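Fold and contact review
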Amino acid sequence: MKFKFPLYGALIGSIFAIFGGIIFGAIPAATIFGFINTDPGQFLVGFGFAGLYSVVFAILPGAVGGAYLARWLETSERTPRDVTFHSLLVGALAGLVAALAFIVLALRFLVDWMTAAFALLAIAVASVSSLLAAKFLAKKKAKFVKLPE
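Structural notes, computed from the coordinates. (Residues numbered from 1 in each chain as written. Predicted model: local features only at pLDDT ≥ 70, side-chain atom pairs only at ≥ 80, totals over all residues. Heavy atoms only, no water.)

**Regarding the overall build of the chain**
For the chain, the helix and strand inventory stands at four helices and zero strands. Overall, the chain shows an N-to-C arrangement of helices and strands of α-α-α-α. Its C-alpha atoms give the chain principal-axis dimensions of about 60 × 30 × 25 Å. When burial is assessed residue by residue, the chain has 40% of its 149 residues classed as buried. The contacts in the chain between residues at least 6 apart in sequence include a share of 81% that link residues at least 24 apart. The chain carries 12 positive and 6 negative side-chain charges, and their two centres are separated by 8 Å. (Helix = DSSP H or I, 4+ residues; strand = E, 2+ residues; numbered from the N terminus. Buried < 20%, exposed > 50% of the residue type's maximum accessible area, 1.4 Å probe, protein only. Contact = heavy atoms within 4.5 Å. Lys, Arg positive; Asp, Glu negative; His and termini not counted. Charge placed at Lys NZ, Arg CZ, Asp CG, Glu CD.)

**A look at the nonpolar core**
Counting twelve residues, the largest nonpolar core consists of Phe5, Ile12, Leu69, Ala70, Trp72, Leu73, Val83, Val90, Ala133, Ala134, Leu137 and Val145. Listed by contribution, the elements that provide at least two residues to this core are α1 (4-33), α2 (40-75), α3 (80-105) and α4 (113-144). At four residues, the largest contribution of residues to this core is made by α2. Those residues in contact with Leu137, other than ones at most four positions away along the chain, are Phe5, Tyr8, Gly9, Ile12, Gly66, Leu69, Ala70 and Leu73. (Core = buried A, V, L, I, M, F, W, Y, C linked by side-chain atoms within 4.5 Å.)

**A short note on the pattern of salt bridges**
Pairing is possible between side chains that carry opposite charge, provided their charged atoms lie close to one another. The full count for this structure, using the stated rule, is two salt bridges. The closest approach of N and O atoms between Glu74 and Arg71, which form a salt bridge, is 2.6 Å. Of this pair, Glu74 and Arg71 both sit in helix α2, three residues apart, roughly one helical turn. Note on Glu74: relative accessible area 14%, which makes it buried. (Salt bridge = Lys/Arg side-chain N within 4 Å of Asp/Glu carboxyl O.)

**A few points about the packing of α2 against α3**
In the contact formed by α2 and α3, the axes pass within 9 Å of each other and the chain directions differ by 150°. The angle between α2 and α3 falls in the class roughly antiparallel. For the crossing formed where α2 meets α3, the hand is right-handed. Between α2 and α3, the residues in contact are Tyr53, Phe57, Ala58, Pro61, Gly65, Tyr68, Leu69, Trp72 and Leu73 and Asp82, Val83, His86, Ser87, Val90, Ala94, Val97, Ala98, Ala101, Phe102 and Leu105, respectively. (Axes fitted to C-alpha atoms, helices over the stretch in contact; angles between N-to-C directions. Parallel < 35°, antiparallel > 145°, perpendicular 65-115°, else oblique. Left-handed = near helix turned anticlockwise from the far one by under 90°.)

**Regarding the packing of aromatic side chains**
Counted according to the given criterion, the structure contains four aromatic pairs. Here the aromatic rings of Tyr53 and Phe102 are separated by 5.8 Å at their centres, their planes lie at 70°, and the arrangement is edge-to-face. One end of the pair, Tyr53, is in helix α2; the other, Phe102, is in helix α3, with 49 residues separating them in the sequence. On the accessibility criterion, Phe102 (25% relative accessible area) is partly exposed. Here the aromatic cluster, defined as three or more aromatic residues joined through ring pairs, consists of Tyr53, Phe57 and Phe102. (Phe/Tyr/Trp six-rings, centres within 6.5 Å; stacked < 30°, edge-to-face > 60°.)

**Re the environment of Glu74**
For the pair Glu74 and Lys135, spaced 61 residues apart in sequence, the C-alpha to C-alpha distance is 13 Å. Ignoring anything within four residues of it in the chain, the contact list for Glu74 reads Lys2, Phe5, Pro6, Lys141 and Val145.

**Describing α2**
Look at α2: 49 Å from first C-alpha to last across 36 residues, which is about the 52 Å you get at 1.5 Å a residue. Maximum bend of α2: about 40°, positioned at Ala58, with proline Pro61 one to four residues after it. (Expected span 1.5 Å × (residues − 1). Bend = angle between axes of the 7 residues up to and from the residue.)

**A short note on the packing of α2 against α4**
As a packed pair, α2 and α4 sit with axes 10 Å apart at the nearest point and diverge in direction by 40°. In this view, α2 runs oblique relative to α4, as classed from their interaxial angle. Relative to α4, the crossing made by α2 is right-handed. Contacts from Gly66, Leu69, Ala70, Leu73 and Glu74 in α2 reach Ser130, Ala134, Leu137, Ala138 and Lys141 in α4.

Structure follows, in structure tokens:
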């Protein structure tokens, strides 16, 4: 089946986007509500909202990026340097799309410096999660793609 590895890539990309979104959700909650001097319940509620929003806006770009990386990986053998560069680029684009979607849909174009800093942080988290997803997909490629001998 021709689409088996890209579908697997979409699944892996969305899973890594979920984990990246949850990790990203802790950063705004800790920044806004403080690390120590706050009620733990308030911190958990803030973490829940931030994690939920980041996962909702990151899951579709993560799935598309994972499918693209899987399709890109299956075409030929890639060097580890190519995989690293390409996955960081795809992750940065996915993070940019997720951040812009959040700014447009949730914030209605109201951007301040803190929002811009969180958008850059979201792009960095998406890049790293894309790198991890690409490395994982590169290891699992042999199960899905039979290379000509």
